[in-house]
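What follows is the residue order along each chain.
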Amino acid sequence: MVKQSSRHISYIGNIIWLMSFGLLATACISIAVSLPIPSANAPGVLAWVQQHQVALQAAGEMLACGASILLAVVVVLYSKLRGRYPVGMGIVLALGIVVAIGAFHAMMALGRLVYPVNGLPITPEISVLSASQLFAGLHWMALALAAFVTAAGIITKSWIVILTSVCVAFLKMVGTYYAGEVSVPLTVVSEVVLFGWSIVMVVWQLSKLVIRSKP
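The shown structure was predicted, so the numbers you read here are calculated from the model rather than taken from an experiment.

Calculation criteria
- Residues numbered from 1 in each chain as written.
- Predicted model: local features only at pLDDT ≥ 70, side-chain atom pairs only at ≥ 80, totals over all residues.
- Heavy atoms only, no water.
- Buried < 20%, exposed > 50% of the residue type's maximum accessible area, 1.4 Å probe, protein only.
- Helix = DSSP H or I, 4+ residues; strand = E, 2+ residues; numbered from the N terminus.
- Arc of directions from axis to C-beta.
- Contact = heavy atoms within 4.5 Å.
- Salt bridge = Lys/Arg side-chain N within 4 Å of Asp/Glu carboxyl O.

Asker: Outline helix α2 (residues 42-51), supporting the account with residue identities and numerical values.
Answerer: Among all positions of α2, only Ala-42, Gly-44, Val-45, Trp-48 and Val-49 are buried. What you see down the axis of α2 is that its buried residues fit within an arc of 165 degrees, all on one side. Away from its buried face by more than 90 degrees, α2 exposes Pro-43, Gln-50 and Gln-51. Looking at the buried residues of α2, the elements they touch are α3 (53-81), α4 (86-114) and α5 (124-156).

Asker: Any chance you could break down the side chain of Ser-198 for me, citing the residues and the numbers?
Answerer: Inspection of the secondary structure puts Ser-198 in helix α7 (residues 184-213). Relative accessible area serves as the criterion here: at 0%, Ser-198 is assigned to the buried category. Setting aside its immediate chain neighbours within four residues, Ser-198 contacts Trp-17, Leu-18 and Phe-21.

Asker: Talk me through the pattern of salt bridges; I want residue IDs and the actual numbers.
Answerer: Counting across every chain of the model gives one salt bridge. Two residues, Glu-191 and Lys-172, come together in a salt bridge whose shortest N-O distance is 2.6 Å. Of this pair, Glu-191 sits in helix α7 while Lys-172 is found in helix α6 (residues 159-182), placing the two residues 19 residues apart along the sequence. Residue Glu-191 is classed as buried on the basis of its relative accessible area, which comes to 5%.

See the structure below:
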């Protein structure tokens, strides 16, 4: 009964894990496909927001939910695995917090662009500043995710997972530094691959459960 309960909790945790990465990836893709901004000045930013307001509002909600869920999952994993991997899980927890901070930073900047805040108007200066803060937060989150993916992969001690994690981390780095030069496809691919990595981690975890359940 105890083993079945533990297995059930693990399945739920894996679903929540996938949900967090799915929300973060979808949010980033939604923002990416709305690009490019017509121009870097205030009228261009405001026109971009007005044209894609619903999609950007949804992206903001997904960033908030995805980051919150991921942070909760990482904290639970830390409490569960810190005995076996004290240093590794400490690093993963710290990086998970940094990922969440980047996502929340981007979410708040995006929210300032697409939602009225206490009736305060969006001035030209605020629109440009908020847009720059949005992409700074997404850049910060991408870099933290690259490190997070690598650290989480190393903990598994599986060469397949480690190599997959390094490839995903590299793609995230390239995507956040050079996406402006190769446009939307690279960003979309990097987010899809990131979600694919989260599936690989779930498969690895489930395979460990199967091995432990064998007599």
